[in-house]
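If you want the building blocks of each chain, they are given just below.
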Amino acid sequence: MVTPLFAFDFGRDLPPLLRGAGLTIGLVLGSGIAGTIIGLVFGTARSAPLAPIRWLASIYTNFVRGLPILIILLFLYYEIPLLFPYATFSQAITAVIGLSVYSGAYIAEIFRGSIQAVPRGQLEAGEALGLNYVQKMRHVVMPQALKIAVPPGIGFLIALVKATSLVSVITATDLTRAGRNVTSANHEPLATFLVVAALYFVISYPLSLLGRWYERRLA
Amino acid sequence: MTINFAAVLPYLPVMLRGLAISLEVTVLSFFIGSVLGIFVYLGRRSTFAPLRWLGYAFVEVFRNTPLLVQLYLIYFGLPQVGINLDPFWSTLAGMTLNNAAYTSEIFRAGIESVPNGLVEAAGALGMRYLQTFRFIVLKPAIRNVLPSLTNQFIVLFLFSSVGSVISLNELTSALADLNQRTLRTLEIFTIGGLLYFLASAVIAGSSRLAERFLFRW
Amino acid sequence: MSTQPMILAKDIHKRFGDLEVLKGIDAEVDEREVVCLIGPSGSGKSTLLRCMNALEKFQKGHITICGHDLTGSKTNVNEVRRDVGMVFQSFNVFPHMRVLDNLTLAPMKVLKVSKAEARERAMALLEKVGLVDKANVYPTKLSGGQQQRVAIARALAMQPKVMLFDEPTSALDPETVGEVLGVMKNLAEEGMTMMVVTHEMGFAREVADRVLFMDGGVVVEQGAPKQIFDDPQHERTQAFLSKIL
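Values in this document were obtained by computation on a predicted structure and should not be read as measured data.

A. Here's a closer look at the overall build of chain C. When its secondary structure is counted, chain C shows nine helices and 10 strands. Relative to the globule expectation of 18 Å for 245 residues, the C-alpha radius of gyration of chain C, 18 Å, shows essentially globular dimensions. C-alpha atoms of chain C, sized along the principal axes, occupy 55 × 45 × 40 Å. For chain C, with 245 residues in total, the buried portion stands at 55%. The long-range fraction of contacts in chain C, counting pairs at least 24 apart against all pairs at least 6 apart in sequence, stands at 64%. For chain C, the distance from the average position of its 30 positive side-chain charges to the average position of its 32 negative side-chain charges is 7 Å.

Listed below in structure tokens is the structure:
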């Protein structure tokens, strides 16, 4: 009964998994950066002085956060070919778009919370010194908000690593997809996916430790 | 490409049936997982070191690996050692274990949020630890973590969509299926998305109402 | 009336890690006596008080309180706490229960008193501390002085034989200090045995039967309030009093 656990041929089957892990990391980095940019824009928009801007940003962040990532990915997977019937491209691009939209909403919410967490006294001091809105945001609020945003940001990054596993469903060859491909060849799902899980753990656990270390530093 | 929402409306009952399954697996895994989570929390606080380490390992493994991989292990891997679970039970098992890991952390935060002075005062009045826990610690602890618990419930609900990959007939698989049949991608996914979003919003709103009624101080 | 003191502490030593906080304390409190512990911060007065109801453990010495021996490992701590009431500096009123429930909880759950009797007791005590109209209010709506009076009533609801007060007014606004001291004074006049750690020298002078001055983990001097405040013998006592009076 124990043999299925150890029936993994590392020499033959590990390289495809590692290649998949490479795409996973690439997706995390790509959509993480894109999501941060989107999140910065919409996050600051949530505290903008103009109400319509606030509402628009609010609709985006609240709606996307009420959806499973899989829905976003499936929608793009089916809809993009309908919109661009002559384009052929790897599903990795669809994956990045979907994950970026997803990340943007969550990161925007993190920024919104961090901006709010900056003590009011700071804003008032900025005003008393005669700074205008842009100057206040740039020199007083954002630097402090960014520091506050790091622990929840790292928390989201870990969630993002796990979310990338769903791109396997739209046939992008990430770590999970590689796992399925390997399994259909070696018929050892238990051993193979244990290795897959271990690889995800290796990517994600250091982030967990980093987040905890940073939180302790802030306290 | 024409957009026609009316053509999709007859399929609403199919989607709602899928939504019901999503909610069913969410509710079950939330409550069973929370009870399990309490035990995991107690294990992490025990004086027996191997138990503490086991609890820590459990939480870290389930928080740092994707639910999809966990479901693949349960649905495809376990049959290799003789355990065969159907899509519903596989999804339920995976989500329950996942939830246990997260709620044990939430409970820890909640219990630690109760000021120590209150526990001392209860002790000074002669109350035993179990009494103190039941009357003094439990209610304030739950109230403090109600937002986190609600958030966890919604996260779990959104996670239920992963079950579609191992053929669970919940909402997402219903949407994918309808899309194949009608090819009205935009309409189907818009309505599906709205269903998920509205369900999440209702859950969040109910939690805020509950907070106001149950925890009136 | 027994001749045994209510509280008898002999040669108490306690350390926190490497720091010895109590270096051989002897103290006794007779029935109906009010003893005040005064002294600078860090002198060990609160620690000594907390040893009396086993909130702190001590390494060496004996404490007998209301006939319970705290030194033995067989002491049932919960039984001790039924006879000894404590009031904390930070009140520690239960915020998620109304005032009345704060008072009835322990009598019902620990003393197994009936709900009706617990409520009766509670209302009588609220009348005594002047808060009858706040019985159905949540403590967060009350001022500090009111919350502390609730805490006193809550401790009294257990009908203790001794009351311990750990700097009961230190966290209060000056205007509310008086109402709490007033309640404590009434309690003393009714014959409650009390041990009070306090910085309120006026209260000590007026209400205490005996004052213990502690510094650096030992009892430096003790005696009647008149003697301690007007004619301190020890140099350290004189130094401390000159700084605050």
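Now that the structure is up, let's keep going.
B. Structural context of the layout of surface pockets. Residues and elements named next belong to chain B. By volume, the second largest pocket is sized at about 700 Å³. Mapped onto the lining of the second largest pocket, the elements with two or more residues apiece are α1 (12-44), α4 (87-112), α6 (129-159) and α8 (185-214). Taken together, the residues of the lining of the second largest pocket break down into 20 nonpolar, five polar and one charged.

C. Summary view of the interface of chain B and chain C. Facing the 18 residues of chain B at the interface are 24 residues of chain C. For the interface between chain B and chain C, the tally reads one salt bridge. The closest approach of N and O atoms between B:E120 and C:R50, which form a salt bridge, is 2.6 Å. Across the chain B-chain C interface, the total number found is five residue pairs in polar contact (both at pLDDT 80 or more). For the side of chain B that touches chain C, the elements supplying multiple residues, two or more each, are α5 (116-124) and α6 of chain B. Tallying contributions element by element places α5(B) first for the side of chain B that touches chain C, with seven residues. Along the lines of polarity and charge, the residues of the side of chain B that touches chain C split into 10 nonpolar, four polar and four charged.

D. Geometry of the arrangement of the chains. When the two pairs of chains in contact are ranked by number of contacts, first place goes to chains A and B. For chain A and chain C, which are not in contact, the least C-alpha distance works out to 24 Å.

E. The arrangement of the packing of aromatic side chains in detail. For the structure on display, the rule yields 19 aromatic pairs over all chains. A ring pair is formed by B:F30 and B:F153, whose centres lie 5.0 Å apart and whose planes are at 80°; its orientation type is edge-to-face. Of this pair, B:F30 sits in helix α1 while B:F153 sits in helix α6, and the two are 123 residues apart along the sequence. The exposure class of B:F153 is buried, given its relative accessible area of 13%. Taken together, A:F75, A:Y77, A:Y78 and B:F189 form an aromatic cluster joined through their ring pairs. Positioned above the aromatic ring of C:F16, the side-chain terminus of C:K14 is 4.6 Å from the ring centre. Stacked on the ring of C:F94, the Lys or Arg C:R154 has its end atom at 4.4 Å from the ring centre.

F. Just the sheet that holds strand β3 (residues 34-38) of chain C, in detail. Residue and element names in this part refer to chain C. Read from one edge of the open sheet, six strands run β6-β7-β8-β3-β9-β10, paired in mixed fashion. The open sheet has two free edges, formed respectively by β6 (84-87) and β10 (218-223), since each of these has just one partner strand. Averaged over neighbouring strand pairs, the angle between their axes works out to 20° when direction is ignored. Two elements, β3 and strand β8 (residues 193-197), share four bridges in a ladder whose sense is parallel. Among the inter-strand pairings, C36 is bridged to a residue of β8, identified as V196. Lying on the sheet, helix α5 (residues 144-156) is in contact with β6 and β7 (162-166); it crosses β6 at an angle near 170°.

Thresholds applied
Residues numbered from 1 in each chain as written. Chains lettered and ligands numbered in written order. Predicted model: local features only at pLDDT ≥ 70, side-chain atom pairs only at ≥ 80, totals over all residues. Heavy atoms only, no water. Helix = DSSP H or I, 4+ residues; strand = E, 2+ residues; numbered from the N terminus. Rg over C-alpha atoms; globule rule 2.2 N^0.38 Å. Buried < 20%, exposed > 50% of the residue type's maximum accessible area, 1.4 Å probe, protein only. Contact = heavy atoms within 4.5 Å. Lys, Arg positive; Asp, Glu negative; His and termini not counted. Charge placed at Lys NZ, Arg CZ, Asp CG, Glu CD. 1 Å grid on protein atoms, 1.4 Å probe; cavity = no way out; pocket = protein on both sides within 12 Å on 5 of 7 lines; lining within 4 Å. Points joined across faces, edges and corners; volume = space filled by probe spheres on them. Nonpolar A, V, L, I, M, F, W, Y, C, P; charged D, E, K, R; others polar. Salt bridge = Lys/Arg side-chain N within 4 Å of Asp/Glu carboxyl O. Polar contact = N/O pair within 3.5 Å; in protein donor to acceptor, adjacent residues only side chain to side chain. Phe/Tyr/Trp six-rings, centres within 6.5 Å; stacked < 30°, edge-to-face > 60°. Lys NZ or Arg CZ within 6 Å of the ring centre and 35° of its normal. Pairing = 2+ DSSP bridges. Axes fitted to C-alpha atoms, helices over the stretch in contact; angles between N-to-C directions.

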